[in-house]
Amino acid sequence: MSRRFPDRHRHDGVEFWKDLGREVAAECLEALRCTEGLTVGAVFRHGDPKQLAQTRHSAYTALVERFESELDAHDALGMVFMDGDGSDPTYRTAHRALKLDQRRVIEDAIHLDSKHSQLEQMADLVAWSAYASLDHHGGNEFAWDWYATSLAERDINRGPLEI
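Residues numbered from 1 in each chain as written. Predicted model: local features only at pLDDT ≥ 70, side-chain atom pairs only at ≥ 80, totals over all residues. Heavy atoms only, no water.

1. Notes on a nonpolar patch on the surface
Argument step 1. A contiguous nonpolar patch, built from L77, M79, F81, I106 and L112 and spanning about 470 Å² of accessible area, is present on the exposed surface.
Argument step 2. Relative to the helices and strands, F81 is located in strand β4 (residues 81-83). (Patch = residues over 30% accessible without salt bridge, like charges linked within 9 Å, V, L, I, M, F, W, Y side chains within 5 Å. Areas by Shrake-Rupley, 256 points an atom, 1.4 Å probe, with all protein chains shown as cover. Salt bridge = Lys/Arg side-chain N within 4 Å of Asp/Glu carboxyl O. Helix = DSSP H or I, 4+ residues; strand = E, 2+ residues; numbered from the N terminus.)

2. Quick look at the confidence of the model for the protein
Argument step 1. Averaged over the protein, the pLDDT score is 91; the fraction of residues at 70 or greater is 98%.
Argument step 2. Element-level mean pLDDT values for the protein span from 74 in strand β2 (residues 14-15) up to 97 in strand β3 (residues 43-44). (pLDDT = per-residue confidence, 0-100.)

3. Here we look at helix α4 (residues 118-134)
Argument step 1. Look at α4: 25 Å from first C-alpha to last across 17 residues, which is about the 24 Å you get at 1.5 Å a residue.
Argument step 2. Among all positions in α4, only E120, L125, V126, S129, A130, A132 and S133 are buried.
Argument step 3. Buried residues in α4 make contact with α1 (17-34), β4, β5 (110-112) and α5 (146-151). (Expected span 1.5 Å × (residues − 1). Buried < 20%, exposed > 50% of the residue type's maximum accessible area, 1.4 Å probe, protein only. Contact = heavy atoms within 4.5 Å.)

4. Looking at the environment of Y91
Argument step 1. Mapping Y91 onto the fold places it in helix α3 (residues 90-96).
Argument step 2. Its relative accessible area of 15% is what places Y91 among the buried residues.
Argument step 3. Those residues in contact with Y91 that sit more than four places away from it in its chain are R56, Y60, M82 and H111.

5. Here we look at unusual backbone geometry
Argument step 1. Within the chain, D75 stands out as a residue other than glycine whose phi angle is a positive 50 degrees.
Argument step 2. Among the structural elements, D75 can be located in the loop between α2 (52-73) and β4.
Argument step 3. If you check the backbone angles, R158 has positive phi at about 65 degrees while not being a glycine.
Argument step 4. By the secondary structure assignment, R158 is in the loop between α5 and β6 (161-162).
Argument step 5. For R158, a relative accessible area of 53% puts it in the exposed group.

6. What to know about the side chain of S114
Argument step 1. Inspection of the secondary structure puts S114 in the loop between β5 and α4.
Argument step 2. Look at S114 and you get buried, because its relative accessible area is 13%.
Argument step 3. Setting aside residues no more than four positions away along its own chain, S114 makes contact with D83, E120, Q121 and D124.

7. So, the environment of R154
Argument step 1. Here R154 lies in the loop between α5 and β6.
Argument step 2. If near-sequence neighbours (up to four positions away) are discounted, R154 is found in contact with L32, R33, C34, T35, E36, G37, L38, T39 and V40.
Argument step 3. Of the polar contacts made by the side chain of R154, one reaches the backbone oxygen of T35; its length is 3.2 Å. (Polar contact = N/O pair within 3.5 Å; in protein donor to acceptor, adjacent residues only side chain to side chain.)

8. Some words on the packing of α1 against α4
Argument step 1. The interhelical angle for the contact between α1 and α4, taken along N-to-C directions, is 100 degrees, at an axis separation of 11 Å. Compared by their axis directions, α1 and α4 come out roughly perpendicular. Here α1 contributes A25, C28, L29 and L32 to the contact with α4, which in turn contributes M122, L125, V126 and S129.
Argument step 2. For the contact of α1 with α4, the residue count by class is seven nonpolar, one polar and no charged. (Axes fitted to C-alpha atoms, helices over the stretch in contact; angles between N-to-C directions. Parallel < 35°, antiparallel > 145°, perpendicular 65-115°, else oblique. Nonpolar A, V, L, I, M, F, W, Y, C, P; charged D, E, K, R; others polar.)

9. What about the pattern of salt bridges?
Argument step 1. Scanning the entire structure with this criterion turns up 12 salt bridges.
Argument step 2. With a shortest N-O distance of 3.5 Å, R56 and D88 are connected by a salt bridge. Here R56, found in helix α2, pairs with D88, found in the loop between β4 and α3; they are 32 residues apart in sequence, far enough to count as distant.
Argument step 3. Connected through shared salt-bridge partners, R92, R96, R103 and D108 make up one network.

What follows is the structure, given as C-alpha cells:
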C-alpha cells in the first residue's frame, strides 16, 4: 500500500480524493466481476421514510427468512456478517425469532467494522452500487450503471431484488 497520493489525481496542488475513490471502486468492481465462483446479491424494500426502523426490520427479517429457505433447500448452514457495531437490536430480533432446532443461520449476525475488513468493504461497495442503481440522483450519476455493468453477472437475480 502506498501512502503517496497519486499525481494523476492532484491538480494545481489540490488532491481530488473523490476521483481517487472512484478509481479504487472501479478496480474493486472489476475484481468482483472477474472472480469465478463468486456470487453477490442485493435486496431492498420501499418504505415510508418516517417508518425507517420498521422498514429496515421487516426487510432484514425477510432477508434472514430467505437465507433460511435457501440454506434448507441445500441442507446447508450459514452465517451472516455485517458492517456495524451490533448496537441496533433490529438484527438480533430477526435471528431470535427463528426456531432454534430448525435454524440454518446458526448465529446472530456478526458485526465487523468495515475499516478492518476488506470483505466488508467489498460488501459495502456491492450494497452502495445497488443503492445507486435504484436511487438515481445527480450526486451518484457516475455509479448508476455500476451494478448492471460489473455485478449483475455475479448476481443470480441480475440486479437488486425487492423483498
